[in-house]
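Analysis of the macromolecular model
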Amino acid sequence: MSEQRPRIVVTGRIPEPGLDLLRTVGDVWAWDHDDPIPTSVRDEHLAHADAVVTLLTDRVDDAFLEAAPQVRVVANVAVGYNNIDVSACTSRGVIVTNTPGVLTDATADLAMTLMLMVTRRLGEGERLIRSGAPWKWGMFMMLGSGIQGRQLGIIGMGGIGQALARRAKAFGMTIAYHNRSSVGADLEGELGATRMSLDEILETSHVVSLNCPYTDDTHHLINAAALSKMRADAVLVNTARGPIIDEAALVDALRSGEIAAAALDVFEQEPIVHPGLHDLDNVVLVPHLGSATIETRTAMATLAASNVVAVLSGQPPVTPVG
Ligand code: DGY
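Residues numbered from 1 in each chain as written. Predicted model: local features only at pLDDT ≥ 70, side-chain atom pairs only at ≥ 80, totals over all residues. Heavy atoms only, no water.

Okay, the overall build of the chain next. Looking only at helices and strands, one finds 13 helices and 12 strands in the chain. Compactness check: the chain gives a C-alpha radius of gyration of 22 Å against a globular reference of 20 Å for 322 residues, within 12% of the reference. Its C-alpha atoms give the chain principal-axis dimensions of roughly 80 × 50 × 35 Å. Within the chain, buried positions represent 48% of all 322 residues. For the chain, the proportion of contacts with a sequence separation of at least 24, taken over those separated by at least 6, is 57%. (Helix = DSSP H or I, 4+ residues; strand = E, 2+ residues; numbered from the N terminus. Rg over C-alpha atoms; globule rule 2.2 N^0.38 Å. Buried < 20%, exposed > 50% of the residue type's maximum accessible area, 1.4 Å probe, protein only. Contact = heavy atoms within 4.5 Å.)

In the region of the ligand, the neighbouring residues are Leu-56, Ala-78, Val-79, Gly-80, Leu-103, Arg-241, His-288, Ser-291, Arg-297 and Met-300. One of the backbone nitrogen or oxygen atoms of Val-79 is found 2.7 Å away from an oxygen atom of the ligand. Here an oxygen atom of the ligand sits 2.7 Å away from a polar atom, N or O, in the side chain of Arg-241. Broken down by class, the residue content of the shell around the ligand amounts to five nonpolar, three polar and two charged. (Near = heavy atom within 4 Å. Polar contact = N/O pair within 3.5 Å; in protein donor to acceptor, adjacent residues only side chain to side chain. Nonpolar A, V, L, I, M, F, W, Y, C, P; charged D, E, K, R; others polar.)

In contact at an axis separation of 7 Å, helix 1 (residues 16-23) and helix 13 (residues 294-312) are set at 15° when each is read in the N-to-C sense. As far as their axial angle goes, helix 13 and helix 1 are roughly parallel. Here helix 1 and helix 13 pass one another in a crossing that is right-handed. Along the contact surface, helix 1 presents Pro-17, Gly-18, Leu-21 and Leu-22, while helix 13 presents Thr-298, Ala-301, Thr-302, Ala-305, Ser-306, Val-308 and Val-309. Looking at the contact of helix 1 with helix 13, its residues break down into seven nonpolar, four polar and no charged. (Axes fitted to C-alpha atoms, helices over the stretch in contact; angles between N-to-C directions. Parallel < 35°, antiparallel > 145°, perpendicular 65-115°, else oblique. Left-handed = near helix turned anticlockwise from the far one by under 90°.)

Here we take up the pattern of salt bridges. This model, assessed by the stated rule, comprises 16 salt bridges. With its nearest N and O atoms 3.0 Å apart, the salt bridge here joins Asp-105 to Arg-167. Taken together, the residues Asp-105 in helix 5 (residues 104-119) and Arg-167 in helix 7 (residues 159-170) connect sequence positions 62 residues apart. Judged by its relative accessible area of 47%, Asp-105 falls in the partly exposed class. The salt bridge involving Asp-281 is made with Arg-127; its shortest N-O contact spans 2.9 Å. Of this pair, Asp-281 sits in the loop between helix 12 (275-278) and strand 12 (283-285) while Arg-127 sits in helix 6 (residues 122-131), and the two are 154 residues apart along the sequence. Judged by relative accessible area, Arg-127 falls into the partly exposed class, the value being 38%. (Salt bridge = Lys/Arg side-chain N within 4 Å of Asp/Glu carboxyl O.)

A word on the side chain of Thr-54. Take Thr-54: it is sitting in strand 3 (residues 51-54). Overall, Thr-54 belongs to the buried group, its relative accessible area being 0%. Leave out the neighbours within four places in its chain, and Thr-54 touches Thr-11, Val-60, Phe-64, Val-74, Ala-75, Asn-76, Val-77 and Ile-84.

With that out of the way, let us pick up the domain arrangement of the chain. Taken domain by domain, the chain holds domain 1 (7-102 + 294-312) and domain 2 (104-285). Measuring from the centre of the C-alpha atoms in domain 1 to the corresponding centre in domain 2 gives 31 Å. Tallying the contact residues gives seven residues for domain 1 and four residues for domain 2. Of the roughly 460 Å² buried at the junction of domain 1 and domain 2 (both faces included), carbon and sulfur atoms supply 47%. Of all residues in domain 1, Leu-56, Asn-82 and Gly-101 bury the most surface against domain 2, accounting for 65% of the area lost on that side. Inspection of the region where domain 1 meets domain 2 yields zero salt bridges. Our count for the contact surface shared by domain 1 and domain 2 stands at two residue pairs in polar contact (both at pLDDT 80 or more). A breakdown of the residues in the side of domain 1 that touches domain 2 according to their chemical character gives three nonpolar, four polar and no charged. (Domains from an automatic or database assignment. Buried area = accessible area lost by both parts, 1.4 Å probe.)

What follows deals with the pairing of strand 10 (residues 235-238). Residue alternation in strand 10 divides its side chains into two sets, Val-235 and Val-237 and Leu-236 and Asn-238, and both sets are buried. Sheet topology places strand 9 (residues 207-210) next to strand 10; four bridges connect them, and they run parallel. Among the inter-strand pairings, Ser-209 is bridged to a residue of strand 10, identified as Val-237. Between the parallel pair strand 9 and strand 10, the chain is carried across by helix 10 (residues 224-229), and the sense of this crossover is right-handed. The pairing of strand 10 with strand 11 (residues 261-264) spans four bridges and is classified as parallel. By the bridge assignment, Leu-236 is partnered in strand 11 with Ala-262. You can see the chain leave strand 10, run along helix 11 (residues 247-256) and come back into strand 11, and the turn it takes is right-handed. (Pairing = 2+ DSSP bridges. Right-handed = clockwise from strand over helix to strand, strands pointing away.)

The next subject is the sheet that holds strand 5 (residues 95-97). The strand order across the open sheet formed by five strands is 2-1-3-4-5, and the pairing between neighbours is parallel. Across the chains shown, the open sheet's two edge strands, defined by having one partner strand only, are strand 2 (27-30) and strand 5. On average, each strand axis in the sheet is inclined to that of its neighbour by 15°, with strand direction left out of account. In the sheet, strand 3 pairs with strand 4 (residues 73-76) via four bridges, with the strands oriented parallel. Counterpart to Val-53 in the pairing with strand 4 is Ala-75. Contacting strand 1 (7-10), strand 3, strand 4 and strand 5, helix 13 runs over the sheet at an angle of about 165° to strand 4.

Quick look at the structure:
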């Protein structure tokens, strides 16, 4: 009698090379729609799953795990894994994996793009042209500010923070960072980067970029008190996770001129965006596009699939978390 192949559930659409790799080790069932998978459909398939590939929009909690009694690995197609209750997984012997590294450049590119968009007022300029309103070139029209010689304060100096620092240095910025540990004298020397306390970063940086994971410790790290420490000409950029910022406090700070501008790729109640942000011209808003290139999403799907292949083949996962 032939042995039953492992069953693998994929909770949303992922690039085909990821699915092809999964098919080499098991029978794959994938939810093939952009809308989220209904819980009843998900649970019906989780009931027999040996492995599951999840997206950052899935909540992997006790209810999820109870529906998946045989599951051995949860492979998240994202570097952030705040959507997964890792201790609930670990206590059930379920391995959790993520996709670090492969999205570093794409996310750093987006952070740099947002920084330039907001300091050069490109969103405003685009809206002006699209509105059909008359305009003409003027010496003082829509002046932004340059970033050369300005300080970029990076909160979270992991791979993405470091990749952003390299880009910003090439644009002539000076680099400061806040991180639990030092990145070491060699890298600090290479990047010309200075490690600072959170308050120092907030008080002295022209641009503050959030590149840290979202955890209990970073929930609302940028709240009203933090915003009040920032320079009046400062710009806040977030490509990490929305709830690191208290969005209501940010709206107040932008309205009152406590800080100059913000550029956001992620939102506190994603996909809902605080209505106060829509009305503000000094804000650039994009819909969580940090890793959204064909190459990067393909690499993420393939890495997640490699983690499943490893675990189902009795090997250690490539990129475990927790
Ligand atoms: C991640 O991988 O955590 C990113 O937010 C995906 O774009």
